[in-house]
Amino acid sequence: MNKDSKYESIFSSRDSDVELPKYKMPEKESAPRVIKELIRDELFLDGNARQNLATFCQTYLSDEVHELMDISISKNMIDKDEYPQTAEIEERCVSMVAQLWNAPDRSRSVGTSTVGSSEACMLGGLAMYRRWRAKRKAAGKDVSRPNIVTGPVQVCWHKFAAYWDIELREVPMERDAFYMTPENMVKYIDENTIGVVATFGLTFTGKYEPIKALSDALDAYEKKTGISVDLHVDAASGGFLAPFCAPHILWDFRLPRVKSISASGHKFGLAPLGCGWILWRDAADLPEDLIFHVNYLGGNMSVFQLNFSRPAGQIIAQYYLFLRLGREGYKKIHMNCYKTASYLAKELEKTGLFEVVYDGNPEEGIPAVTWKLRDNAKINFTLYDLADRLRARGWQVPAYSLPARAEDTVVQRALIRHGVSRDLVSLLMQDMNRCIDYFKTHEIVSHVTPEEGTAFAH
Ligand SMILES: *Cc1c(COP(=O)(O)O)cnc(C)c1O
């Protein structure tokens, strides 16, 4: 007998009296409320998302967003024939994003929602590759050795290069410049370069790459060599920050060389997980051979996303957020985060132990703080030890080393997003100071290794 009486309490039921099967599907059914409760309990062992200062992604979601997600749970984004209104809502979002990113001619730009920036970047990269290949073939030139030039990029670009056999030329960081400088970029470009990817909100520090200066350098390069190299801006974070908080920074379609832009709706777009955007300046920048036409959902549909079926709720929630917040609301939320980041940077400096590498300034990057240990700090702990100790109170503040040529620099980073309030950060600082005091009175026998350290969330 494995039936749960409806009067039985969950924790005295037969189903709760045993360990749940972990790797083999049980033969018999169980009571839904019991199984749900036991799974919910197991999920307590996960980190608390709101204390996770490693992630760039949205972890605060209002009741209205939850309700919209709930009523959208069965809607399939791909099925534009069955859900024409959802398709229309996606199109409206694309239009709003095109405006935010200053597309010169809305009737010519094209775009789509995606699952996130990774899918968006993959599409942007592919379009770039096909454009380069078509141009080279038309000129009767070799297309066997494509390369892509980037600064310190997010892992999705490593995947892009690996999947399509394109040489990734990741311009190494310098000790004093943790980004791609125009001078360095130009050294890596040649006729086989399918394009340059500039990151507007670097994963490693949170800073914006100087998109305008990179674009100018590519203009100069074209003048000198006759080779025109396109720019894709990976604005995963910055795409929903700068339009509100630093609208004068030239990073978007106002620069003619920028052919496509991608961003994560689920980062500073404030949408729930599973929402990204990509736009091309002009329909001509999205090669026809990447667009497929299907008739089996009824109607004639063109698809160029990597996924077919995918949930529509996050796109609907994104639309809600655009309408509900407007430019004013986004600006207020994000500027508050910048203020909180600046507070955290100051508090960290007050300890005398840390040097702030980036203090979360709307003119320079995203609301995040990145710091390292002062060279002369008289301490017995590493940032890995500190991250590990903070974890005991539930905080996830990752420590990690920077990429090539700066790998001896270990930094720690905190993302200040919607819902990471000034008060929450003051509680973090209290715990941080407690950890520092702990290390003063406890000898460390064996340091936490980078491998054991908190995972570096991108
Ligand atoms: C987060 C991020 C990505 C990947 O985005 P997802 O939305 O997580 O797929 C790509 N590039 C940059 C710069 C990022 O910050």
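Below, the structure is looked at part by part. (Residues numbered from 1 in each chain as written. Predicted model: local features only at pLDDT ≥ 70, side-chain atom pairs only at ≥ 80, totals over all residues. Heavy atoms only, no water.)

### Observations regarding the overall build of the protein
Let me state the cut-off plainly: Strands are runs of DSSP state E lasting at least 2 residues, helices are runs of H or I lasting at least 4, and numbering of each runs from the N terminus. This radius of gyration counts C-alpha atoms alone. The globule rule is 2.2 Å times how many residues there are, raised to the power 0.38. We call a residue buried when its accessible area falls under 20% of the maximum for its residue type, exposed when it is over 50%, and partly exposed in between, using a 1.4 Å probe and counting protein chains only. Method for areas: the Shrake-Rupley scheme with a 1.4 Å probe, in which residue coverage is limited to the protein chains shown. Just so you know, the count uses Lys and Arg for positive and Asp and Glu for negative, and it drops His and the chain ends. Positions of charges follow a simple convention, taking NZ of Lys, CZ of Arg, CG of Asp or CD of Glu.
Helices and strands together make up the secondary structure of the protein, namely 11 helices and 13 strands. Over its C-alpha trace the protein gives a radius of gyration of 24 Å, about what one expects of a compact globule, namely 23 Å for 458 residues. Overall, the protein is about 75 × 65 × 45 Å in size when its C-alpha atoms are taken along their principal axes. Taking all 458 residues of the protein together, 53% fall into the buried category. On the protein, roughly 22,100 Å² of surface is accessible, and the fraction owed to carbon and sulfur atoms is 52%. Here the protein holds 56 positive side-chain charges and 61 negative ones, and the gap between their average locations is 3 Å.

### Observations concerning the site of the ligand
The condition that has to hold: A molecule or strand has a residue near it when one of that residue's heavy atoms lies within 4 Å. The definition of a polar contact used here is a pair of N or O atoms within 3.5 Å, where within protein one atom must be able to donate a hydrogen and the other to accept one, and adjacent residues in sequence count solely through side-chain atom pairs. When residues are grouped by polarity, Ala, Val, Leu, Ile, Met, Phe, Trp, Tyr, Cys and Pro land in nonpolar, Asp, Glu, Lys and Arg in charged, and all others, Gly among them, in polar.
With respect to spatial proximity, 14 residues lie near the ligand, and among them Ser-118, Asp-234, Ser-264, His-266 and Lys-267 are the closest. Ser-117 places a main-chain nitrogen or oxygen 2.8 Å from an oxygen atom of the ligand. For the ligand, an oxygen atom lies 2.7 Å from a polar atom in the side chain of His-266. Burial of the ligand by the protein chains amounts to 92% of its free accessible area of 380 Å². Split into classes, the residues belonging to the shell around the ligand amount to 2 nonpolar, 10 polar and 2 charged.

### Observations concerning the sheet that holds strand E11 (residues 368–373)
This is how the line gets drawn: Strands pair, by our definition, only if DSSP identifies at least two bridges between them. All axes are obtained by fitting lines to C-alpha atoms, using only the stretch in contact for helices, and the reported angles, taken between N-to-C directions, cover 0 to 180 degrees.
In spatial order, the strands read E10-E11-E13-E12; together these 4 strands make up an open sheet with antiparallel pairing. Among the strands making up the open sheet, the edge pair consists of strand E10 (354–358) and strand E12 (399–401). Looking at each pair of strands side by side, their axes are set apart by 35 degrees on average, direction ignored. Bridge analysis of E11 against strand E13 (residues 410–415) gives 4 bridges, and the strand direction is antiparallel.

### A short note on the pairing of strand E7 (residues 276–280)
E7 sits mainly inside the fold: 5 of its 5 residues count as buried. As defined by bridge partners, strand E1 (residues 110–114) adjoins E7 across 5 bridges and the pair is classed as antiparallel. Paired with Val-110 across the two strands is Trp-280, which belongs to E7. Here 5 bridges tie strand E6 (residues 258–264) to E7, and the two strands are oriented antiparallel to one another. Opposite Ser-264, over in E7, you have Gly-276 as the bridge partner.

### Description of the nonpolar core
This is how it is decided: The criterion is simple. A nonpolar core is a set of buried Ala, Val, Leu, Ile, Met, Phe, Trp, Tyr and Cys residues joined through side-chain atoms within 4.5 Å. Should any heavy atoms of two residues lie within 4.5 Å, those residues are counted as being in contact.
Core analysis: the biggest nonpolar cluster contains 63 residues, and Trp-101, Met-185, Val-196, Phe-200, Phe-240, Trp-251 and Trp-277 have the highest contact counts within it. Put simply, the parts of the chain that give this core at least two residues each are helix H3 (84–100), strand E4 (193–199), helix H7 (211–225), strand E5 (231–234), helix H8 (242–245), E6, E7 and helix H9 (313–350). Contact partners of Phe-240, with chain neighbours within four places excluded, come to Val-97, Leu-100, Trp-101, Ala-263, Ser-264, Gly-265, Phe-268, Gly-269, Trp-277, Phe-322 and His-334. Counting 35 residues, the second-largest nonpolar core is a separate cluster that includes Leu-383, Leu-386, Trp-395 and Val-420.

### Considering the pattern of salt bridges
The condition that has to hold: By definition, a salt bridge exists where a carboxyl oxygen of Asp or Glu is found within 4 Å of a side-chain nitrogen of Lys or Arg.
Scanning the model with the defined rule gives 22 salt bridges in all. Put simply, Glu-37 and Arg-40 hold a salt bridge, and the shortest N to O gap is 3.5 Å. With a gap of 3 residues between them, Glu-37 and Arg-40 both fall in helix H1 (residues 32–43), about one helical turn apart. Across the pair Arg-434 and Asp-431 runs a salt bridge, and its minimum N-O distance is 2.5 Å. Of this pair, Arg-434 and Asp-431 both sit in helix H11 (residues 422–441), separated by 3 residues, roughly a single helical turn.

### Focus on H11
Since one α-helical turn is 3.6 residues long, residues separated by three or four positions face the same way. This is how it is decided: Here the expected span of a helix is defined as 1.5 Å times the quantity of residues minus one.
For H11, which comprises 20 residues, the first-to-last C-alpha distance of 29 Å matches the rise-based estimate of 28 Å (1.5 Å per residue) to within 8%. In this fold, the buried residues of H11 make contact with H9, E10, E11 and helix H10 (383–391).

### Points about the packing of aromatic side chains
Convention followed: Classification of ring pairs uses Phe, Tyr and Trp, with its six-membered ring standing for Trp, and accepts pairs whose centres are within 6.5 Å; under 30 degrees between planes counts as stacked, over 60 as edge-to-face, and the remaining range as tilted. We call a charge positioned above a ring when the Lys NZ or Arg CZ atom is no farther than 6 Å from the ring centre and deviates by at most 35 degrees from the ring normal.
In total, this model carries 13 aromatic pairs according to the counting rule given. For the ring pair Phe-322 and Tyr-330, a centre distance of 6.1 Å and an interplane angle of 55 degrees mean the geometry is tilted. Using a relative accessible area of 1% as the deciding quantity, one classes Tyr-330 as buried. Through a chain of ring-to-ring contacts, the aromatic side chains of Trp-101, Phe-200, Tyr-208, Phe-240, Phe-244, Trp-251, Phe-322 and Tyr-330 assemble into a single cluster. Just above the ring of Tyr-438 sits the side chain of Arg-389; from NZ or CZ to the centre is 3.5 Å. Here the guanidinium or amino end of Arg-422 rests over the ring plane of Tyr-343, the centre of that ring lying 3.8 Å away.

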